[in-house]
Every structure is written in structure tokens, then in C-alpha cells.
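Each chain, letter by letter, is given below.
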Amino acid sequence: VNVYVKIFTNSPFLVCMDLALSQEEVIDPNYLWIGPDGKNLEGQTYTNLTETGKLMVMGFKESMSGAYTCTLSHKIIETDTQDETEMLEAYKFMVYAYREPDYTYKISVRFTTKECKLVANDQFFEELKKILDNIISDLACHVIDPSYKCHSVKRPKHSLLHELFVSFQVNPFAPGWQDVCNQFPHDCEDATNMRVQEARDRIEEFFNKQAYALKHDFQTLPTIHYVDHSFEVTRIDSCRPGFGKNDITHNDCASCCVVCDPGTYSPNNEVTCRTCARTQIKQYGAKSC
């Protein structure tokens, strides 16, 4: 059974029993839990082991990933003869640490312009970047990879238009983002994602206001103005070092960044773990080969 535990949280209870056996009477049960390092988990400070054989691993870290096995011994007593038979059942759980991916939003919008060679196009683009950064600066987010191209566009029943195709990314790692993270004791990915989602929403609201103003506040349209309904957004996921996505191996947690398996590593914010060709990595969550 594959089990996924969000990093720094407690695992769900792992039950040392299958469904069929749980519906029956179990006589003299005895439970032996062994962790990924081969050690008996009874009495470990990071485990909660109940008398009914349920195991919780607390404060889960990358290094705690791996195989957790439980051996259940119990007796079957024959009603007629009172003969006792010792039974052994073995259960294996593959437990993986995971993180939520870090979000970045790629946004594209369009603006109508008088002509593609207009000098004001460059000036407008520079001013737009400043405005967008200012809207989200208090969230420790910023605009990265901004660019634009001008194209001629012919729409049905309209004359030829010139439009600026603007694209940029909203990124949550502006200078000072680590200071924001210091408010959180373990991991701030959830807060980081909330910040960048708020930044994305603010920018969408900004362009919606542009569309509203053009319809209601202007008698004569500006030379360069926003094209209504041109706002498009795509979320881009990235994983922290030591984690990656594998839709095949970890299809139960395909949207998660799962700790890299032994033999693989992830040195940066890529989406997948790389295979290590030179040396065999034996631990989970390797950041280098």
C-alpha cells in the first residue's frame, strides 16, 4: 500500500491488519513494526504505536520515507480440541513524504495599438511592468520574463488591427520572500502559494478594471488599450530540491511533489527527479548525485 504524508505533518494511522481480519475475532494479537532503517519502531520518540497495532509517524521528514512493515502474530483456537495454532500475517506500507508544488502563473494579455512601429509601444510596455510589480510588491511576488510582440490581426467583419501580445509570469520569490517564510516554523509552501494566488487575482482584477473603464469612462479610446477578454492564465508547477512528480510511479499522488526515490535526485526546482548514473543513492530526497 502506498501512503503519502505531507512533510512536517503526522502520518495517518497505519493499521496492522487487513479488512477481512478486522471483521473477525483476533486472539492474543502481537504487533511488530519495523521501519525503513530495519529498527523496531516500538518506543521511538517519533512514533505513536497503539495497543491495537496502529502506527502513526509524527513530524514526517524526507528521511522517514520508505517501507514500513508490520508482522501480526495471533492464535487460532479449535473449538472442539482447544488446540492452538500460531498465525503470522505480514503487511507492508510504502510511505512517502510529499510537498505541494510551488506555483507560478503565466499570464498573457493583448492591447490594441495604432501600429507596430509606434515608439510608444516600448514606453507603454515598460510602464505596464512597473504597474504590475507595484500591484503585487507587498506580497513578496514579482513579474518575471516579461515580453511582448506586435502582430497584425484580421478578425471576421473587422478591418486589420495591430495588437501587442504581452506575456509574463507571476512569481512568489521576489527579494524578501524568505523573511515572510520565517514566520512559519517548518515549511511555507502553502503560504507561498496563497501569496502568488492572491497576486494572480489582483492582476486579473486590474485588467478587468481596464475593460470596465474603457466601456464606461472613455468617450475616445486611448491609442493603446486593453483587449477585453484577452486575459489568459496558466499555472506552472515546480518542486523543491529533493522532490519531483512521477505520474506513473506515484499516480495516487500525481499532483504532488513526492520525495525522490533512492537512485534519483533533484538539485533544483525541476518537476521530475533525475536518475543518478554514477553512484547509487541509497537515501530518499537526494539533492545531488
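Note that the structure is a prediction, hence the values are computed from the model and not measured. (Residues numbered from 1 in each chain as written. Predicted model: local features only at pLDDT ≥ 70, side-chain atom pairs only at ≥ 80, totals over all residues. Heavy atoms only, no water.)

Draft legend 1. Main features of the state of the cysteines. Counting across every chain of the model gives six disulfides. What pairs with Cys253 in a disulfide is Cys256, and their sulfur atoms sit 2.0 Å apart. Measuring the twist about the S-S bond at about -85°, one finds the Cys253-Cys256 disulfide to be left-handed. In this structure Cys253 comes out as buried when scored by relative accessible area, which is 7%. Bridging Cys260 to Cys273, the disulfide has an S-S length of 2.0 Å. Looking along the S-S bond of the Cys260-Cys273 disulfide, the torsion reads about -85°, which is the left-handed sense. Of the two residues, Cys260 sits in the loop between strand E14 (257–259) and strand E15 (264–265) while Cys273 sits in the loop between E15 and strand E16 (274–275), which places them 13 residues apart along the sequence. (Disulfide = S-S within 2.5 Å. Buried < 20%, exposed > 50% of the residue type's maximum accessible area, 1.4 Å probe, protein only. Helix = DSSP H or I, 4+ residues; strand = E, 2+ residues; numbered from the N terminus.)

Draft legend 2. Geometry of the domain arrangement of the chain. Domain boundaries assigned for the chain yield domain 1 (2–99) and domain 2 (102–238). Distance from the C-alpha centre of domain 1 to the C-alpha centre of domain 2: 51 Å. (Domains from an automatic or database assignment.)

Draft legend 3. Structural view of the pairing of strand E1 (residues 2–6). Within E1, four of the five residues are buried, which leaves the element mostly enclosed by the surrounding structure. Note that E1 and strand E7 (residues 84–99) share five bridges and pair parallel. Within E7, the position partnered with Asn2 by the bridge is Met94. (Pairing = 2+ DSSP bridges.)

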